[in-house]
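An overview of the molecular structure
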2 protein chains.
Amino acid sequence: MTDNDRAVILVSGGMDSATAVYEAMDRGYEPYFFHTSYGQETETKERECAEALAGDVDAADFCHVETRHLAAIGASSLTDAEMDVADADLDSEEIPTSYVPFRNANLLAMATSYAEATDCSAVFIGAHSEDFSGYPDCRPEFFDAFQQVMRVGTKPETEIELVAPFVEWSKTDIAERGLELDVPYDITWSCYREEAPACGTCDACAFRLQAFQRAGVEDPIDYDERPDYLEG
Amino acid sequence: MTDNDRAVILVSGGMDSATAVYEAMDRGYEPYFFHTSYGQETETKERECAEALAGDVDAADFCHVETRHLAAIGASSLTDAEMDVADADLDSEEIPTSYVPFRNANLLAMATSYAEATDCSAVFIGAHSEDFSGYPDCRPEFFDAFQQVMRVGTKPETEIELVAPFVEWSKTDIAERGLELDVPYDITWSCYREEAPACGTCDACAFRLQAFQRAGVEDPIDYDERPDYLEG
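Residues numbered from 1 in each chain as written. Chains lettered and ligands numbered in written order. Predicted model: local features only at pLDDT ≥ 70, side-chain atom pairs only at ≥ 80, totals over all residues. Heavy atoms only, no water.

Here is the rule we go by: UniProt positions are given in the numbering used here, feature names are shortened, and annotations may be inferred rather than shown by experiment.
Within an unreviewed UniProt entry, the label attached to chain A reads 7-cyano-7-deazaguanine synthase, and the organism entered is Halosimplex litoreum. You can read under Function (unreviewed entry) in the UniProt record for chain A the words "Catalyzes the ATP-dependent conversion of 7-carboxy-7-deazaguanine (CDG) to 7-cyano-7-deazaguanine (preQ(0))."

A look at the UniProt feature "binding site: ATP" (unreviewed entry) in chain A
Residue and element names in this part refer to chain A. Where we set the bar: Strands here are runs of E lasting at least two residues and helices are runs of H or I lasting at least four, both read from the DSSP assignment and numbered beginning at the N terminus. Exposure is judged per residue with a 1.4 Å probe applied to protein chains only, and the accessible area is read against the type maximum: over 50% gives exposed, under 20% gives buried, and values in between give partly exposed. Working rule for contacts: check all heavy atoms of both residues, and any pair within 4.5 Å makes them a contact.
In the UniProt entry, the feature "binding site: ATP" (unreviewed entry) is given for Val11, Ser12, Gly13, Gly14, Met15, Asp16, Ser17, Ala18, Thr19, Ala20 and Val21. Tracing the backbone through its elements, the reader meets Ala20 in helix H1 (residues 15–26). A relative accessible area of 0% means that Ala20 is categorised as buried. Setting aside residues no more than four positions away along its own chain, Ala20 makes contact with Ile9, Phe124, Gly126 and Phe166.

Quick notes on a negative patch on the surface
Inclusion rule: Residues qualify for a patch when their relative accessible area is over 30% and they have no salt bridge, like charges being joined within 9 Å and the nonpolar side chains of Val, Leu, Ile, Met, Phe, Trp and Tyr within 5 Å. The Shrake-Rupley method, run with a 1.4 Å probe, gives the accessible areas here. Residue values count only the displayed protein chains as cover. By definition here, a salt bridge exists when the distance from a side-chain nitrogen of Lys or Arg to a carboxyl oxygen of Asp or Glu is within 4 Å. We count Lys and Arg on the positive side and Asp and Glu on the negative side, and we leave His and both chain ends out. Think of each charge as sitting on NZ of Lys, CZ of Arg, CG of Asp or CD of Glu.
A contiguous patch of negative charge on the surface is contributed by Glu48, Glu194, Glu195, Asp224 and Glu225 of chain A. By the element assignment, Glu225 of chain A lies in the segment after helix H7 (203–215).

Re helix H6 (residues 171–180) of chain A
Residue and element names in this part refer to chain A. Along H6, the positions that sit buried rather than exposed are Lys171, Thr172, Ile174, Ala175, Arg177 and Gly178. Where the residues of H6 are buried, they touch H1 and H7. Residue Asp182 follows H6 closely and has a positive phi angle near 60 degrees.

Notes on the UniProt feature "binding site: Zn(2+)" (unreviewed entry) in chain A
All names here are of chain A. Mapped onto this numbering, the UniProt entry gives "binding site: Zn(2+)" (unreviewed entry) at Cys191, Cys199, Cys202 and Cys205. Relative to the helices and strands, Cys191 is located in the loop between H6 and H7. For Cys191, a relative accessible area of 1% translates into the label buried. In contact with Cys191, not counting residues within four places along its chain, are Thr42, Ala198, Cys199, Cys202, Ala204 and Cys205. Within the secondary structure, Cys202 is located in the loop between H6 and H7.

Brief notes about the sheet that holds strand E3 (residues 61–66) of chain B
Residues and elements named next belong to chain B. The condition that has to hold: Here, strands pair whenever DSSP counts at least two bridges between them. Fitting a line to C-alpha atoms yields each axis, with helices limited to the stretch in contact; the angle taken between N-to-C directions then spans 0 to 180 degrees.
With respect to topology, 5 strands assemble into an open sheet ordered E3-E2-E1-E4-E5, the strand pairing being parallel. Where the open sheet ends on each side, the last strands, each with one partner, are E3 and strand E5 (161–163). Geometrically, the sheet is characterised by an average inter-axis angle of 20 degrees between neighbouring strands, direction not taken into account. In this structure, strand E1 (residues 6–10) lies alongside strand E2 (residues 30–37), joined through 5 bridges in parallel fashion. In the sheet register, Ala7 faces E2, and the bridge partner there is Pro31.

Quick word on the state of the cysteines
Heads up, the condition is: Here, two cysteine sulfur atoms that lie within 2.5 Å of each other are counted as a disulfide.
Going through the model one piece at a time under the given rule, you end up with 0 disulfides over all chains. The structure places no disulfide on Cys202 of chain A, whose sulfur is separated from the nearest cysteine sulfur, that of Cys199 of chain A, by 3.8 Å. The thiol of Cys63 of chain B is not disulfide-bonded; the next cysteine sulfur, from Cys120 of chain B, is found 11 Å away. Classification of Cys63 of chain B as buried rests on a relative accessible area of 10%.

A look at the environment of Leu10 of chain A
Residues and elements named next belong to chain A. Relative to the elements of secondary structure, Leu10 occurs in strand E1 (residues 6–10). For Leu10, a relative accessible area of 10% corresponds to the buried category. In contact with Leu10, not counting residues within four places along its chain, are Ser17, Phe34, Leu107, Leu108, Ala111, Val123, Phe124 and Ile125.

So, the packing of aromatic side chains
Where we set the bar: The pairing test for Phe, Tyr and Trp rings, Trp by its six-membered ring, is centres within 6.5 Å, and the orientation test on the planes gives stacked under 30 degrees, edge-to-face over 60, and tilted for anything in between.
With the rule as written, the count across this model stands at 18 aromatic pairs over all chains. Aromatic pair Phe102 of chain A and Phe146 of chain B: ring centres 6.1 Å apart, planes at 75 degrees, arrangement edge-to-face. With Phe102 of chain A in the loop between helix H3 (69–73) and helix H4 (103–118) and Phe146 of chain B in helix H5 (residues 140–153), this pair bridges two chains. Take Phe146 of chain B: its relative accessible area is 0%, and that puts it in the buried class. Here Tyr185 of chain B and Phe212 of chain B contribute two aromatic rings whose centre-to-centre distance is 5.3 Å and whose plane-to-plane angle is 90 degrees, an arrangement assigned as edge-to-face. Of this pair, Tyr185 of chain B sits in the loop between helix H6 (171–180) and helix H7 (203–215) while Phe212 of chain B sits in helix H7, and the two are 27 residues apart along the sequence. Neither Tyr185 of chain B nor Phe212 of chain B differs from the other in exposure class; each is buried. An aromatic cluster of three or more residues is present, and its members are Phe102 of chain A together with Phe142, Phe143 and Phe146 of chain B.

Some thoughts on the packing of H6 of chain B against H7 of chain B
Residues and elements named next belong to chain B. Selection rule: For classification purposes, an angle smaller than 35 degrees is called roughly parallel, one larger than 145 roughly antiparallel, one from 65 to 115 roughly perpendicular, and anything else oblique. Each crossing is labelled by how the near helix is turned from the far one, with a counterclockwise turn of less than a right angle marking it left-handed and a clockwise turn marking it right-handed. Residue polarity follows a fixed list, in which Ala, Val, Leu, Ile, Met, Phe, Trp, Tyr, Cys and Pro are nonpolar, Asp, Glu, Lys and Arg are charged, and the others, Gly among them, are polar.
Two numbers describe how H6 lies on H7: the axes approach to 8 Å, and their chain directions differ by 60 degrees. Comparing their axes, H7 and H6 come out oblique. Every pair of crossing elements has a handedness; the one defined by H6 and H7 is right-handed. Together, Lys171, Thr172, Ala175, Glu176 and Leu179 of H6 and Phe207, Arg208, Ala211, Arg214 and Ala215 of H7 make up the contact between the two elements. Taken together, the residues of the contact of H6 with H7 sort by class into 5 nonpolar, 1 polar and 4 charged.

This is the structure in structure tokens:
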């Protein structure tokens, strides 16, 4: 870490990115929030949560980007109203239908532009090891490769570190770390399917409920249905 | 090249990307046009030219993406109305004020999402060696690094080659190759400053006029002013 202690954090409003905010602050960074509406079906709720988190930590800046190109390009159940969001299958090795082609490269490219324009020295992303069972752009190799692009594609005097603090962690590890850091999980949102209450049955709800169960704490948000994923 | 002979081409509507279209077709690819309005001051004119080119080659598809985030993030004279576009200084080693932070990473990330969604096997970009005198994200190292991100950040079965055919060329080489390929330069647009006629004095006009002069051919578009850059 340099003297410049400002960091852009990709904040979707979910539990992983909320924890990334508190992790960055715990490491001494001043948080610059970067939030996108990319046409995901739950974008209003996600934005409300990201803004509530920004208020909670008194963020230095909140950059909200409406970027319709991922929805225009399509091919994901998260952005294509014609495709149904599937029920969770936590043991599947298939790429889920919720995969948005190359989404994290798009988000990190935007976040890096923002970081370069605001003179931030780091970009934090809350991706974790259980994401990359399904999404190729959540793997450590992907972040290593993207760090190299950031190194050679920005101005010579720009040095921005890409930090994915949870990349080797499980979602349960994140929940445990977040509870330690007092992350206000009641104002976070993970469900892929509904605006409120969370459905409890999509991939995102399933992984979240399982993580809280394994951390031995009750998830503070409301669910339409609360299956027991420890038995699954 | 594989059996899959579809290629996404980043088409701004300028002479470099127009030449990239004809180069890709000369290599046997069916062209999928990818054009963005990112808030650049001459976007209407650029889009008209890109659409005219798509008509000229009977493009398989035309993906137009309106993406306001680069303008929202700012810090470039191309997208920030408060900053003036500077007159050309072809010998300067400074990063020009027209630099949009990390622009090509943003554009290539979008183009890769589009290529993956449409099952294209290549992405062409018309960047060349005189660009990277000023822009860090036009250098060969940048494209090599981005190719690696494309390799690890897309689905395992996806193979997309990043092709920057002119990366070691001068703009004069491009003009010469384009004249050989009969690129209709009369329907292309390069000026950073005006909608029509081209100013003749910004960086983009200066490099274009110089390239045509060196290729020994008159640039077929109209200019407000036509300085002699061979003497400069």
